[in-house]
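# Working through the structure, step by step
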Amino acid sequence: MRNLSILCCALIITLISCDGRDRIHKTNAEVLKENKLFDSFSEEIKYIPEQRTEILTDTILSTGFQVKIQYYALDKAYSSKTIKTSNETNKTLHFKNFEAQFQVLKNNQLIAQYVINKDVFKKHETPAFWKQAIMQFVWIDYENSTADFITINTSFNIPKTDIYKDFSIIIDNFGAVKIKEINLLENVL
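Residues numbered from 1 in each chain as written. Predicted model: local features only at pLDDT ≥ 70, side-chain atom pairs only at ≥ 80, totals over all residues. Heavy atoms only, no water.

### Points about the nonpolar core
- Formed by 26 residues in total, the largest nonpolar core has its most connected members in Ile-69, Phe-102, Val-104, Ile-150, Phe-156 and Ile-171.
- When contributions to this core are tallied by element, the ones reaching two or more residues are β3 (65-84), β4 (90-106), β5 (109-116), α4 (127-132), β6 (134-140), β7 (149-157) and β8 (164-172).
- Tallying contributions element by element places β3 first for this core, with five residues.
- Not counting residues up to four positions away in its chain, the partners in contact with Ile-150 are Leu-61, Phe-65, Val-67, Val-104, Ile-140, Ser-145, Ile-169, Ile-170 and Ile-171. (Core = buried A, V, L, I, M, F, W, Y, C linked by side-chain atoms within 4.5 Å. Buried < 20%, exposed > 50% of the residue type's maximum accessible area, 1.4 Å probe, protein only. Helix = DSSP H or I, 4+ residues; strand = E, 2+ residues; numbered from the N terminus. Contact = heavy atoms within 4.5 Å.)

Below, the structure is given as structure tokens:
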């Protein structure tokens, strides 16, 4: 009877320890797929930029214009792109959208205060472009500014592509704003 108990215990231990021998010749990916866990282990998510990003600019021009720009990343607004990597995993990149708040003063008098983001430029391009694009840069165009107006340029890009749209925001002495698209391809020889 005691031998039978020992034999039963040994048989049970042997059967339990054999679990997984069929997995020895499978890759980790195959085992994860078999257990419906592959998707959760095969996706890498990355936010670009990873940390809070903010740039403050305060510029005074000899023409009497003063421009204050606060350019920052939006944490909850982004454009996503999924890339298949070589080891069968998906890498999802979330490119954070940016916006800029600016104030324009002329001889220490506030003449304009605006927020620049994708919504301001929606009528200048298709909805498909704006769904994917993010604001890349905002800068003061010193060469195209005069004593009567200041020009601020901005650029939008679809990440990981060469598709750009550039715009000029022209603010005159009275705070009137005019937006025009810059077509950089016209100057290519």
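Here the narrative resumes.
### Description of the sheet that holds β6
- Read from one edge of the open sheet, four strands run β6-β7-β8-β9, paired in antiparallel fashion. Each of the sheet's edge strands pairs with one partner strand only, and the pair in question is β6 and β9 (177-182). Strand-to-strand twist of the sheet, defined as the mean angle between neighbouring strand axes without regard to direction, takes the value 25°.
- For β7 and β8, the ladder comprises nine bridges, and the chain directions are antiparallel. Within the sheet, the bridge partner assigned to Thr-154 lies in β8 and is Phe-167. (Pairing = 2+ DSSP bridges. Axes fitted to C-alpha atoms, helices over the stretch in contact; angles between N-to-C directions.)

### Let's talk about the pairing of β7
- Burial analysis of β7 places eight of its nine residues in the buried class, the great majority of the element.
- Relative to β7, β6 runs antiparallel, the two being bridged by six bridges. By the bridge assignment for β7, Ile-140 is matched with Ile-152.
- Between β7 and β8, which pair antiparallel in sequence order, lie six residues; one of them, Lys-160, sits at a positive phi of approximately 65°.

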